[in-house]
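Close look at the chain arrangement
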Amino acid sequence: GVYDVVPREVLMLLSARELELALCGIPDIDVAAWRAATTYKGAFAEAGAAHPVAAMFWAEVESWDPERRAQLLQWCTGTSRVPVNGFEHLQGRDGVARRFTLTSVELESAVYPRAHTCFNRVDLP
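The text that follows walks through the structure, step by step, so that each part is easy to find. (Residues numbered from 1 in each chain as written. Predicted model: local features only at pLDDT ≥ 70, side-chain atom pairs only at ≥ 80, totals over all residues. Heavy atoms only, no water.)

1. Overview of the pattern of salt bridges
Counted only if it meets this: In what follows, salt bridge is the name for a side-chain nitrogen of Lys or Arg lying within 4 Å of a carboxyl oxygen of Asp or Glu. Each residue is placed in one exposure class: buried if its accessible area under a 1.4 Å probe, protein chains only, is under 20% of its type's maximum, exposed if it is over 50%, and partly exposed if it falls in between.
The full count for this structure, using the stated rule, is 4 salt bridges. A salt bridge links R98 to D94; the nearest nitrogen and oxygen atoms lie 2.8 Å apart. Residue D94 is classed as partly exposed on the basis of its relative accessible area of 48%. A salt bridge links D123 to R114; its shortest N-O distance comes to 2.9 Å. When its relative accessible area of 1% is taken as the criterion, D123 is described as buried. Within this structure, R114, R121 and D123 form a network of salt bridges that share partners.

Structure representation (structure tokens):
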């Protein structure tokens, strides 16, 4: 098995995310495709990616290197890889198709962004 190639002690030093990135490499994430396949809810629903907060989110993501983008994707979806057929085919942990969603939340309920990996959702204050 894998322990014949990599000592158990070395694997214990890696998180699941780090192991996935080490084995699969850093994916090339197309931010424009990610943005286009995103659903917007709450205060973002009407303006979508043009809402000032959503626009700031995407501008920040575009400025990141591929490794950091992969880490963001891991944080909000549970995987650092884009589905073979694109972002439109993201699935929740239950196997049901769930688009990536940016949802606005009141500042009183969340001071920092929070992720719901089961739903591929990020809540932004």
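2. Details of unusual backbone geometry
For the record, the criterion: Numbering of helices and strands runs from the N terminus, with a helix taken as a DSSP run of H or I at least four residues long and a strand as a DSSP run of E at least two residues long.
At N120, a position not held by glycine, the phi torsion is positive, near 55°. Looking at the element boundaries, N120 is found in the loop between β3 (114–116) and β4 (121–124).

3. Digging into the sheet that holds strand β1 (residues 39–41)
The following threshold applies: Whether two strands pair depends on DSSP finding at least two bridges between them. Every angle, taken between N-to-C directions, lies between 0 and 180 degrees, and every axis is a line fitted to C-alpha atoms, over only the stretch in contact when it is a helix. We call two residues contacting when some pair of their heavy atoms lies within 4.5 Å.
Spatially, 4 strands are ordered β1-β2-β4-β3 in an open sheet, and the strand pairing comes out mixed. Across the chains shown, the open sheet's two edge strands, defined by having one partner strand only, are β1 and β3. Adjacent strand axes in the sheet meet at a mean angle of 20°, parallel and antiparallel pairs treated alike. Note: β3 against β4, 3 bridges, orientation antiparallel. Directly across from R114, in β4, lies its bridge partner D123. The strands touched by helix α4 (residues 52–63) within the sheet are β1, β2 (101–104) and β4, with β2 carrying the most contacts at an inclination of about 135°. In this fold helix α5 (residues 66–77) packs onto β3 and β4, with an angle of close to 60° to the strand it touches most, β3.

4. Section: the side chain of T103
Residue position: T103 is located in strand β2. In contact with T103, other than residues within four places in its own chain, are K41, F44, R121, V122, D123 and L124.

5. Quick notes on the state of the cysteines
Structurally, a disulfide amounts to a covalent bond that connects the sulfur atoms of two cysteines. Heads up, the rule is: Disulfide assignment relies on a single distance test, namely cysteine sulfur atoms paired within 2.5 Å.
By the definition in use, this model includes 0 disulfides. C76 takes part in no disulfide bond, and the closest cysteine sulfur to it belongs to C118, at a distance of 13 Å. Overall, C76 belongs to the buried group, its relative accessible area being 0%. Judged by relative accessible area, which is 38%, C118 ranks as partly exposed.

6. A few points about a nonpolar patch on the surface
Cut-off, in case you're wondering: Here a patch means residues that are over 30% exposed by relative accessible area and free of salt bridges, tied together within 9 Å if like-charged and within 5 Å if nonpolar (Val, Leu, Ile, Met, Phe, Trp, Tyr). For every accessible area listed, the method is Shrake-Rupley and the probe measures 1.4 Å; residues are considered covered only by the protein chains on display.
A cluster of nonpolar side chains, L107, V111 and Y112, forms an exposed patch at the surface whose accessible area comes to about 380 Å². Note on placement: Y112 falls in the loop between β2 and β3. A relative accessible area of 66% places Y112 in the exposed class.

7. Section: the pairing of β4
Here 4 bridges tie β2 to β4, and the two strands are oriented parallel to one another. Across the sheet, the residue bridging to T103 is D123, located in β4. Where β3 hands over to β4, the hairpin turn is made up of 4 residues, of which N120 adopts a positive phi near 55°.

By themselves, these figures tell us nothing about what the structure is for.
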